[in-house]
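# Structural description and commentary
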Amino acid sequence: MANSDAGDRLSPARRLSAGERLPPGEHEFIDRDVVIGFEFEGRQVAAHEGDTIGSALAAAGVDVLSRSFKYHRPRGLLCVAGNCPNCLMKVDGIPNVRTCTMAVRAGMTVGRQNAWPSVDHDAGAVLDRMDRLLPVGFYYKVFHRPKLLWKIMRPVVRRIAGLGSVDTSSDGGPTYTHRNMHTDVAVVGGGPAGMAAALAAAAAGLDVTLIDDQPVLGGHLLYDATRYTGINGTGDGTGQEIAETLRKRVAEQDGIQVLSGATAFGFYQGNLIAVHHGYEAVQLRAGQVVIATGAIEVPMQFENNDRPGVMLASGALRLARLYGVSPGKRAVVATTDDSGYSTALGLLDVGIAVEAVIDMREEPGASEAADAVRTRGVEVLAGHRVVSTSGTKRVSRVTVVAPDSSERNIKCDLVCMAGVRQPVTGLLLQQPGAVVEYDEQFGESVPAQLPGGVHVAGDITGFHDLGITLAQGAATGRQAAGIDPEGASQLDAIERDYRAGQQPPGAFTGRDGRSAKKEFICVCEDVSSKDIDVAVGEGFNDIQTLKRYTTATMGPCQGKMCHRAFVEAAARRTGQSIVATGRTTARPPAQGVPLGALAGPGHMPRKRTALDGLHRAAGAEMVELGPWLRAHNYGSPQEEALAVRERVGIIDVSTLGKLDVRGPDAGALLDRVYTHRFSNLREGRIRYGLLVGENGAIMDDGTVTRLAEDHFFVTTTTGNVDAIEDWFNWWLAGTGMEVFVTNVTSSYAAINVAGPRARATLVKLTDVDLSTDALGYMRSARGMVAGVPCIFLRIGFVGETGWELHFPSEYAEHMWRALMEAGAEFDIAPFGLEAQRILRLEKGHIIVSQDTDAVTDPLDAGMRWAVRFDKPDFIGRGGLVANRARPPEEKQKLVGFVMHDRFVPEDGQPVVEDGEPVGRVTSSRLSPTLKKGFGLAWVPEKHAYEGAEIFIRSGQTDSPAVVTMKPVYDPDGLRLRE
Amino acid sequence: MQLFTQNTMWRRYPLQDRYDVIIIGAGVHGLSTAYYLAKQGVTNVAVIDKGYVGGGASGRNTAIIRANYLTREGIPFFRESLRLYEDLATELDFNLLFDQSGRLDLGHTDSAVFGLRMRTGMNRLLGVDSRMIGPSEIKELVPAIDLRKGKHLPVLAALYQSSAGVVRHDAVVWGYGRGADRLGVEIHPFTEVTGIVREGGRVVGVDVGGHRVRADVVMSATAGWSSNIARMVDLTLPLVTHPLQAFVTEPLKPFINKSISSANLHVYVYQSDRGEVVVGGGVDPYSSYSQRSTLHTLEELAANTLELFPFLRGVNVLRQWAGLCDMSPDYAPIMGEVDGLPGFMLSCGWGTWGFKAGPIGGFTMAELIATGRTPNLIKPFNLRRFAEGKLVNERAAAPAAAVH
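Notes on the structure follow. Throughout, a residue's number is its position along its own chain's written sequence, starting from 1. Starting at A for chains and at 1 for ligands, labels are handed out in the order in which the entities are written. pLDDT decides what is reported in this predicted model: residues at 70 or higher carry local features, side-chain atom pairs at 80 or more are listed and counted, and totals for whole chains, interfaces and linings draw on all residues regardless. The basis for every side-chain value is the complete set of non-hydrogen atoms in the structure, without hydrogens or water.

So, about the overall build of chain A. In terms of regular secondary structure, chain A is built from 22 helices and 51 strands. We compute the radius of gyration from the C-alpha atoms alone; for a globule the expected value is 2.2 Å times N to the 0.38, where N is the number of residues. Since a compact globule built from 978 residues should have a radius of gyration of about 30 Å, the 38 Å found for chain A marks it as more spread out than a globular shape. Considering only C-alpha atoms, chain A reaches an extent of 115 × 70 × 60 Å along its principal axes. Burial classes follow relative accessibility: with a 1.4 Å probe on protein chains only, a residue under 20% of its type's maximum area counts as buried, one over 50% as exposed, and anything between as partly exposed. Every one of the 978 residues in chain A was classed for burial, and the buried ones make up 61%. A sequence separation of at least 24 residues applies to 64% of the contacts in chain A between residues at least 6 apart. Exposure was quantified through the Shrake-Rupley algorithm and a 1.4 Å probe, taking into account, for residues, occlusion by the shown protein chains and nothing else. As presented, chain A carries roughly 36800 Å² of accessible surface, and 50% of it is formed by carbon and sulfur atoms. With 103 positive and 119 negative side-chain charges, chain A shows a spacing of 5 Å between the two charge centroids. Strands are runs of DSSP state E lasting at least two residues, helices are runs of H or I lasting at least four, and both sets are numbered from the N terminus onward. Two residues qualify as a contact provided that any one of their heavy atoms is within 4.5 Å of a heavy atom in the partner residue. Counted as positive: Lys and Arg. Counted as negative: Asp and Glu. His and the chain ends are not counted at all. Each charge is placed at NZ for Lys, CZ for Arg, CG for Asp and CD for Glu.

It is worth spelling out the sheet that holds strand β37 (residues 686–692) of chain A at this point. All names here are of chain A. Two strands make a pair as long as DSSP finds a minimum of two bridges between them. If you walk across this open sheet you meet the five strands as β37-β38-β39-β36-β40, and the pairing is antiparallel. Unpaired on one side and paired on the other, β37 and β40 (740–743) mark the two borders of the sheet. Ignoring which end each strand starts from, the neighbouring axes of this sheet average 25° apart. Note: strand β36 (residues 657–662) against strand β39 (residues 711–716), six bridges, orientation antiparallel. From the neighbouring strand, L659 faces β39, where its bridge partner is V714. Fitted lines through C-alpha atoms serve as axes, helices being fitted only where they are in contact, and the angles separating the N-to-C directions of these axes extend from 0 to 180 degrees.

Attention now goes to the nonpolar core. The criterion is simple. A nonpolar core is a set of buried Ala, Val, Leu, Ile, Met, Phe, Trp, Tyr and Cys residues joined through side-chain atoms within 4.5 Å. Counting residues in hydrophobic clusters, the biggest one holds 191 residues, and the most contacted among them are A:F38 and A:I358. Of all the elements, helix α2 (residues 74–92) of chain B adds the most residues to this core, at eight residues. Beyond its immediate sequence surroundings of up to four residues, A:F38 is in contact with A:R43, A:Q44, A:V45, A:A47, A:I53, A:A56, A:L57, A:V104, A:R105, A:G107, A:M108 and A:V110. If you look at the next biggest cluster of nonpolar residues, it comprises 45 residues, including B:I145, B:Y160, B:V279 and B:F311.

In structure tokens form, the structure reads like this:
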């Protein structure tokens, strides 16, 4: 046995070492010459290349693959198609992997889950005998009295619930990539209908993407050995041979891209198809979509219909024909249509004994296959029904009831359920406009209305006939290509003929639809027909509340195995028709999809300024601010702040939002969106800009500089610029104003040079006259600094003489170095965000969203000076006017406060009065100037006067502070005007 | 032997021509209002819903119960709701699977931590057991969380409310429905109100198709559809309806026992008693009445969940859905009578915070309807606050809404 990546090529003598196998079949998936090994619960299991974990375990004789969700009943292979919950295991640390479709890789580690001490001997199985104590919804009726009981029981319930376990220390496995694709026609489903559709559309010159969840195209034909004759366009042959013919044509046809082993899990607005394909997730935009997802077999209803060995007929055939593994030795086939006879023949062909075919119709099948089954000596029991199975960990016999109500037991180790189908409409129904209706004749719910650009073909339509399937496929392919299908009427005719020849399907319920406790409707959630009875009796008599109460259809298969049975059971119990009963809502994903596939590589974009490298080299601590990384400090914020106060400092303010606003109506636009007036701003002047929302609450602030008659340079807060750009354009739209708004945030770097020696530093690098007479406070100029063209903004956020220099960002490092060099003789220091926060706080300058919140009125924030009620209407004026009318006792004001000592309350702590919260601290720091704690706080208006005493709660203590209505540093603003 | 009672949850009745009170909307607010009304003796009540019981936001929210809000108005309201939830299973004799295992609001940036601190301070003054905790205690409470330093948005601190929890939302709705039914209230699912009848400036009933049903009081408890109901009485509400999306994974054995929210990552996560990981996000940035979900949001939610719990990468998403949120400008509800429209009552503006308020919302609305007096708890939430500029501002405390 091998445990290497490559696997071993074996001599013919050792070929059967990968478990017990049937004789080789021509179209099987496995390569019997290669054996690979994997670890299963501590032992080595051999598999062939092409095996799934499920098929390899079946070959190794493992019957019980899992324990059920509620009763911990043993469960074995059922669908062998990745639909049902029975084979969920932990694979390489990842829980709930569908092992019946997961290909074996050498060395993988596989273990069963949800059992203790083991799946073979599960203590939880005792719950199966306690069903009287655990009726549907039992947990709503117990453990809540006394109140404490639920506290005790909840952890127990939680431990019992859940399926697989996660390893919380792992990294979750490989990351996935994302890919975007576009195609003229997306065809979902690689069976005969899908292949025919793809061929027809591609032949018409369209670009086609064919998505199929199996490793090889062919759909149900892959395991269909029935011989077909007279099928239009394919030649005679077995299903497997016809699949091969079609597959070859697809490979040879130009314009078809095939995604095999790919699951289309989402069908979103705008024909966006989400595909999970290995470690890749594909977003596929399609012009037209053909849904050819087929129909899947679903279980029948009888007692103990969930026992290992009870399989879907298609599952048994898959196992035998694709993987060469015998699903059992003695089979009973139960069927509601002629397909069961084909199943019986298929089993006989690979050497499995068939004890009986239970034809649940009153009139037994009269097809060729039925005759062949009889000829081969198999007993056919017409009009009989399976009512139960016996056995412990595998079925050992079935009980059938004859039309005369007599019962009979038949020994077997395999029960194949054939003929009950559910069209796979989960993907289709995610698209609004797609409607599925119950077709009385077929007994299936099939597409009845389709949105534009969406087509269906094949078994999903309820027609289960290869000729019709291929004709439908070709017709939809032509429709998608916009070719008027001359064959449409011909198709109608053959569909009519099919309907005319169709026998009514047999019932697939046990004893006349009577319910039973262990007759499972929903295998994921262990919901039985009895549970449905009880829940309907309790008043959950519409499909939606019934679903939520019973949790039927809500498990890992999301109704793939049970939706039809659930709706029919609900209809029976409520006495309503199936049409009136309706359906549950189809939601994405149509098939479980890993979080990693959705997340993709997990790129979280972060923006770095052009000076990022220099900050790091200088030892800066970087923090995230909105999307940006900024230098928080270079070691000591207090010292950095002092450097600005006493000498000169520079800070990288490149993250400021920057908008270039031009046009003859630029001033008019700014007047409309800002509270201040800008149309009268003189060239070369700067004005503070405050933006409020329609309710008058502060949104953003910054500066507005008039560079020319029709040209403004606007700054916004870091992180808000995209929203503000949208805001400008929103209020511009439809007005006819001639304004162009350009976001130049990343094009310009910006450095603020501030402090008593800022001028002395800058004059060394520029010939712009920086004297206050020439370039006073709130004025701007343009000129060169260190050979770089700059916009100079003389503003004073930190309260010192200073210039904000905006210049092309490619020169940022050069500029920074030039400034550091020029300022060296003054002991220039870079300062970070934290120092800037201290400095601006000493000046009482607000930071939007720190000192303001979503309803802050600028008047209450002490910014009456920034609002011009004497200009024409502006955004937020109505809200501001309304707010002015409010009585003072309801208002809070933003004020400064100073502590009596160095104690610094934390930002956000409440201001209290008699133990009641009446306000809050928004910013607080240690003042380098006062050497005391200080900050800004919202307080009741009655306390908004110089010298008022307030109390700030921190922990259990209230600390007194004194209100100040002026900045604690340079209250008259002389320094920044020097 | 019958071990469990199997009584009908609520009986079916023909719709009568007259009730004392008609409540439009059979979600948690409509049914809890009916229940508390009946407890006060007002039993001639009909709850009418165009769909199934609990099919709107009540069936789509992520059922986190907490009171760690920001404002003086909001905190006591949600605190009282939490208190009602604590005894609700006993009161309704229905296990609502309510647990109080606690909730963490994570802060990944200075400004987020500042907001959490603000809420903590207010919570503690107003009787809610919130406190700020650091990374080591976060790790103790949620050992599975990824607190590695140096990654994008590292966890700096959290607001921890230990009495917060998670409830089984459907059970709450059903429990109130059954409780109301037992006290004589009629519940009429699949019955669509097509018009509201006014006479002499007063609301006097509703039309259900051609059937006119009269009532002294008509209350709208229709959350995402409130604007449409209000339009029937020519009332424009300051509401914008946005979808909010969520998903669940396949069931896993328990690995987290708290609900965890991150406003920076726009995601909140907990594990249900069934083992599913429930993940919700912010409201979608556009307004819509569509309850259809989108791939983009699913991808974002998944990516952000993995930032906190990277080991979930291989775990399957089972289903994704969207619900409607009637967002108010100040992230607080709109409750009570409407000036100039006697006989009409509103309970809306429930945004992303409605389910938490189900019990107290119903309790206070019932008191208002039964006595004509507005309880102090909901006085700040009247519609007239928008005309008077008295907004409540719960924005910072509604992280699910904050991207809106």
